[in-house]
Amino acid sequence: MGKLKMTNYANYKKFVSIALTLCIVFSILSVNMVVAAEPGFVAETITLQPGSTARDINFNWYSDQTDNAASTVQIAKKVDMINGNFPEDKAITVYGTVGDASAGKSYHKAGVTGLEPNTQYVHRVSNDATTYSKIYTFKTGGTDDFQFIAVGDPQLTTGNQDSDSIHSADRTTTTRAGWANTLDLISQYFPDVSFMAGTGDQIDTSNSEIQYTYYFEPNCLSSLPVAPVVGNHEGTAGNFGWHFNVPNETPGSAFGNYWYTYNNALFVVLNTSPSPSASTINNYISAFDATLKAATEANPDVSWIFVQHHKSTASPASHQTDSDVLVWTPEIEALMDKYNVDFVLAGHDHIYSRSWFIQDHAKVEDVDYSANSVTNPQGTLYITMSTGSGLKYYDFRTSAPASPAWVTSIEGLYYEAATPFSGTLTGKPWYTNIGIQYKVPQFTVIDVTANSVTFNTYRTDTMESFDTYTVIKSAPAVVTLSGVADIVVGNDADYIVSVSGVDKLATVTLKFEVDGAYFNGKSFTGLNGFEVLGGVEWTSLGNDVWMGRVVLVNLNGGISSTGALDIFEMVFASNSNLLGTAEIRLVDAVLSGYDNADKAVYIDSLIVNNLVQTTIGQYFSVYDVNRDGVVDQLDLTVAQMFFMAKEGDANWATAKRADVNGDGRIDIEDSILILKNIVW
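Because the structure is a prediction, the values reported are computed rather than measured.

The rules we used
- Residues numbered from 1 in each chain as written.
- Predicted model: local features only at pLDDT ≥ 70, side-chain atom pairs only at ≥ 80, totals over all residues.
- Heavy atoms only, no water.
- Helix = DSSP H or I, 4+ residues; strand = E, 2+ residues; numbered from the N terminus.
- Expected span 1.5 Å × (residues − 1).
- Buried < 20%, exposed > 50% of the residue type's maximum accessible area, 1.4 Å probe, protein only.
- Phe/Tyr/Trp six-rings, centres within 6.5 Å; stacked < 30°, edge-to-face > 60°.
- Lys NZ or Arg CZ within 6 Å of the ring centre and 35° of its normal.
- Arc of directions from axis to C-beta.
- Contact = heavy atoms within 4.5 Å.
- Polar contact = N/O pair within 3.5 Å; in protein donor to acceptor, adjacent residues only side chain to side chain.
- Axes fitted to C-alpha atoms, helices over the stretch in contact; angles between N-to-C directions.
- Parallel < 35°, antiparallel > 145°, perpendicular 65-115°, else oblique.
- Left-handed = near helix turned anticlockwise from the far one by under 90°.
- Nonpolar A, V, L, I, M, F, W, Y, C, P; charged D, E, K, R; others polar.
- Pairing = 2+ DSSP bridges.
- pLDDT = per-residue confidence, 0-100.

K.L.:
In this structure, what is going on with helix α3 (residues 175-189)? I would like to understand it.
P.N.:
Since the α-helix packs 3.6 residues into each turn, any two residues three or four apart lie on the same face. In this model, α3 (15 residues) spans 21 Å end to end at C-alpha, consistent with the 21 Å of a helix rising 1.5 Å per residue. In terms of residue burial, α3 counts as a mostly covered element, since 11 of its 15 residues are buried. Turning to α3, its buried residues are Thr175, Arg176, Ala177, Gly178, Trp179, Ala180, Asn181, Thr182, Leu183, Leu185 and Ile186.

Structure, rendered in structure tokens:
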């Protein structure tokens with residue numbers, strides 16, 4: 001565990017206290033006084049949401065229900081501003097939609113696409129396309145690595161934090177202040193985050209506009225995109241939809257199912273706020289399946305898949321045995337398995353936990369859990385987020401529910417059982433790896449690269465990173481088949497299997513198909529330290545097609561190579577009387593070797609070229625320019641047609657046959673050589 005550097009934490013607390021006081025005073029002034037003093041249109045609860053991609057952004061804001069004929073956003077590059085004036089002549093204007101929200105208010109939605117990466121933008125909004133708001137700013141992320149924040153359950157109220165909260169005595173303890181402090185720390189220590197991913201319960205009362213006002217109050221939320229989740233405290237009230245403008249929302253039994261991408265990652269948001277029964281769960285799961293299907297089919301090449309939803313199915317605290325969570329759990333896990341989801345971010349239980357990797361409703365055992373990083377794990381990692389405001393905290397569950405029955409195991413884990421068990425639960429649920437209840441607001445910083453995702457979870461009282469975990473996906477080894485494109489009938493054909501990007505490769509099993517009508521096996525040899533173990537095993541597939549299987553072993557502790565490494569050579573003799581095109585196809589490659597602890601492991605691999613087609617033809621003399629089987633005067637005539645052609649000319653692909661001396665040009669010397677080889 002590590003801490004951010006602070007030279008004097010006492011001074012830091014004093015700074016935070018002053019900053020919070022100023023933040024709250026400024027917020028009150030902005031609500032009660034600035035409206036009259038600020039020229040133009042004053043947008044309320046303005047917020048940004050991610051668009052479909054990292055180059056898109058969605059806007060949402062409130063206004064009074066007067067003169068709201070057109071929702072309008074103007075956006076421009078910040079560099080084009082002169083003397084602080086909005087560069088209207090270089091801005092683009094986007095028109096959106098407007099609708100009735102809470103009493104006396106309208107919501108406005110608009111979206112902008114095709115933004116440039118790593119660019120600061122300025123924007124302003126209007127409810128009538130004439131009078132605009134003050135200028136807001138935001139910055140787009142890059143195209144590669146990025147960082148985002150995950151925050152659980154702010155659940156803003158008009159009251160105080162949990163009485164059990166551990167907080168500094170010299171600062172206020174309302175949830176409003178706790179949320180403002182969390183956002184202030186995020187802005188201060190992580191100013192370059194690309195967006196904030198929620199896990200639901202932004203507010204406590206579904207239709208409370210004052211609670212939404214407190215949620216959007218921190219200044220950073222006018223420039224930091226937020227991807228929200230419908231929690232049970234938002235419920236089915238329309239306020240959530242009035243305040244957020246989410247992309248790619250799919251229809252279903254509940255609203256709030258949507259998806260977005262950011263560079264190499266796909267984020268799928270699901271609405272688990274309802275409380276289904278066994279008889280109604282399928283309606284919700286069908287909607288989730290439709291969202292996941294649409295998202296993954298639209299983005300088949302992403303490196304990572306995250307799911308955000310509210311009711312954690314892998315929490316060690318109070319809600320774990322709620323009847324609705326028990327109904328959600330197997331269905332959610334089955335969907336995560338179906339779509340190969342890497343990570344699930346959830347909330348609801350106001351506690352921090354990180355699961356084992358879970359697949360088929362079981363802990364994945366083939367993972368080294370002793371370190372704070374793992375490479376190429378199977379299954380899904382479930383993270384339960386604590387509260388971002390400090391509203392309330394749930395303790396670890398210690399009592400066994402009456403139904404369904406549970407029992408303790410010898411490892412201190414507990415499982416659902418066929419027979420009733422009553423008593424005190426000791427230990428943690430079977431799915432929990434790490435479970436921590438510090439009773440302070442928390443947030444998680446997530447760094448995403450092409451082949452790794454790192455989670456750092458911070459407590460806001462000390463800014464200590466109390467849980468750090470990295471998941472790595474190493475690039476698969478690349479397997480390639482290569483060979484000759486054409487041979488003369490009766491000659492041998494040579495093919496090579498090579499691999500690249502391997503570390504401690506020790507054993508390889510290859511399966512390949514051969515066109516037996518054209519070829520007979522001649523020799524099969526391991527290369528660069530690999531040996532053929534036991535020869536080639538052949539199986540007839542019918543129609544003169546044969547499958548060969550060969551096992552290659554390296555007896556020197558494995559071999560590593562970043563570049564292409566030849567490991568296997570196949571030589572086939574062509575039949576003496578059959579002309580045509582033969583195929584050699586590599587159908588499977590299974591690689592295994594050793595990890596850093598010298599444990600035997602499989603190595604992910606990808607065959608990038610699995611087919612070589614070889615044309616088997618007759619022998620033609622180099623002087624037989626027209627390929628009619630005889631060198632005669634017609635070959636001289638063809639050479640004359642291309643006289644003075646040279647390599648690089650547009651017709652060289654056809655003309656080069658007349659370059660019989662191979663010097664890259666066709667001249668009198670080629671004609672003389674043809675003449676000398678004419679058969680009269």
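What follows picks up the thread again.
K.L.:
Explanation requested: the packing of aromatic side chains in the structure shown.
P.N.:
In this description, a pair of aromatic rings is defined by centroid distance and the angle of the planes. A full pass over the atoms with the stated rule returns 42 aromatic pairs. Considering the side-chain rings of Phe443 and Tyr458, the 5.7 Å spacing of their centres and the 25 degrees angle between planes classify their relative orientation as stacked. Taken as a pair, Phe443 in strand β25 (residues 442-448) and Tyr458 in strand β26 (residues 452-459) lie far apart in primary sequence, 15 residues in all. The residues Phe443 and Tyr458 share a single accessibility class, namely buried. Taken together, the aromatic side chains of Phe146, Phe148, Phe195, Tyr258, Tyr260, Tyr262, Phe267, Trp304, Phe306, Phe343 and Phe455 make up a single cluster linked through ring pairs. Note that Lys473 overlies the ring of Trp304, its terminal NZ or CZ placed 4.5 Å from the centroid.

K.L.:
Sorry if this is basic, but what is going on with helix α8 (residues 633-641) here?
P.N.:
Residues of α8 that are buried: Asp635, Leu636, Val638 and Ala639. With its buried residues spanning 160 degrees around the axis, α8 presents them on a single face. Away from the buried face of α8 by more than 90 degrees, exposed residues Gln633, Gln640 and Met641 are located. Check the buried side of α8 and you find it contacts α10 (668-676). Its side-chain oxygen 3.1 Å from the backbone nitrogen of Leu634, Asp632 forms the N-cap of α8.

K.L.:
In this structure, what is going on with the packing of helix α6 (residues 281-298) against helix α7 (residues 323-338)? I would like to understand it.
P.N.:
Between α6 and α7, whose axes approach to 11 Å, the crossing angle comes to 20 degrees. Relative to α7, the element α6 is oriented roughly parallel. The chirality of how α6 crosses α7 is right-handed. Packed against α6, whose contacting residues are Ile281, Tyr284, Ile285, Phe288, Asp289 and Leu292, the element α7 presents Val327, Trp328, Glu331, Ile332, Leu335, Met336 and Lys338 at the interface. Its residues assigned to classes, the contact of α6 with α7 comprises 10 nonpolar, no polar and three charged.

K.L.:
Please clarify how the sheet that holds strand β28 (residues 477-483) should be interpreted in this entry.
P.N.:
Within a sheet, each strand pairs with its neighbour through backbone hydrogen bonds, oriented either parallel or antiparallel. On the basis of which strands lie adjacent, the open sheet formed by five strands has the order β32-β37-β30-β28-β40 and mixed pairing. The open sheet is flanked by β32 (519-526) and β40 (605-609), the only strands paired with a single partner. Pairwise comparison of adjacent strand axes, ignoring direction, gives a mean angle of 20 degrees for this sheet.

K.L.:
Can you walk me through the side chain of Ser452 in this structure?
P.N.:
Its place among the elements puts Ser452 in strand β26. Residue classification places Ser452 among the buried residues on the basis of a relative accessible area of 14%. Within the local environment of Ser452, its side chain forms a polar contact with the side chain of Thr449, the two groups lying 2.7 Å apart. Residues within four places of Ser452 in sequence aside, it is in contact with Trp304, Asp447, Thr470, Val471 and Ile472.

K.L.:
Even after reading the chapter, I still don't get the sheet that holds strand β2 (residues 44-50), so can you show me in this structure?
P.N.:
Spatially, β2-β3-β7-β6 is the arrangement adopted by the four strands of the open sheet, whose pairing is antiparallel. Each edge of the sheet is formed by a strand with only one pairing partner; in this case those strands are β2 and β6 (97-100). Pairwise comparison of adjacent strand axes, ignoring direction, gives a mean angle of 20 degrees for this sheet. Bridge analysis of strand β3 (residues 57-64) against strand β7 (residues 105-112) gives eight bridges, and the strand direction is antiparallel. Each bridged residue has a counterpart across the sheet, and for Trp61 the counterpart in β7 is His108.

K.L.:
Got a minute to help me understand the side chain of Ser465 in this structure?
P.N.:
Tracing the backbone shows Ser465 in strand β27 (residues 464-472). A relative accessible area of 4% means that Ser465 is categorised as buried. Separated by 2.7 Å, the side chains of Ser465 and Asn456 make a polar contact. Polar side-chain contacts of Ser465 include one of 3.2 Å to the side chain of Thr468.

K.L.:
Hey, could you run me through the confidence of the model for the protein in this one?
P.N.:
Detailed reading of the predicted model is not advised wherever pLDDT is low. Per-residue pLDDT for the protein averages 86, and the proportion of residues at 70 or more is 88%. Confidence drops under a pLDDT of 50 for residues 1-38, and excluding neighbours within four residues, the segment shows 43 contacts in the predicted structure. Note that pLDDT drops below 50 for residues 402-422; the model gives that stretch 45 contacts with residues more than four away or on any other chain.

K.L.:
Sorry if this is basic, but what is going on with the packing of α8 against α10 here?
P.N.:
For any two helices packed against each other, the geometry comes down to the angle between their axes and how far apart the axes lie. Relative orientation of the contacting elements α8 and α10 amounts to 175 degrees, with a least axis distance of 9 Å. Between α8 and α10, the angle falls in the class roughly antiparallel. Each of Asp635, Leu636 and Ala639 in α8 lies in contact with α10, whose residues at this interface are Ser671, Ile674 and Leu675. When grouped by side-chain class, the residues that make up the contact of α8 with α10 number four nonpolar, one polar and one charged.

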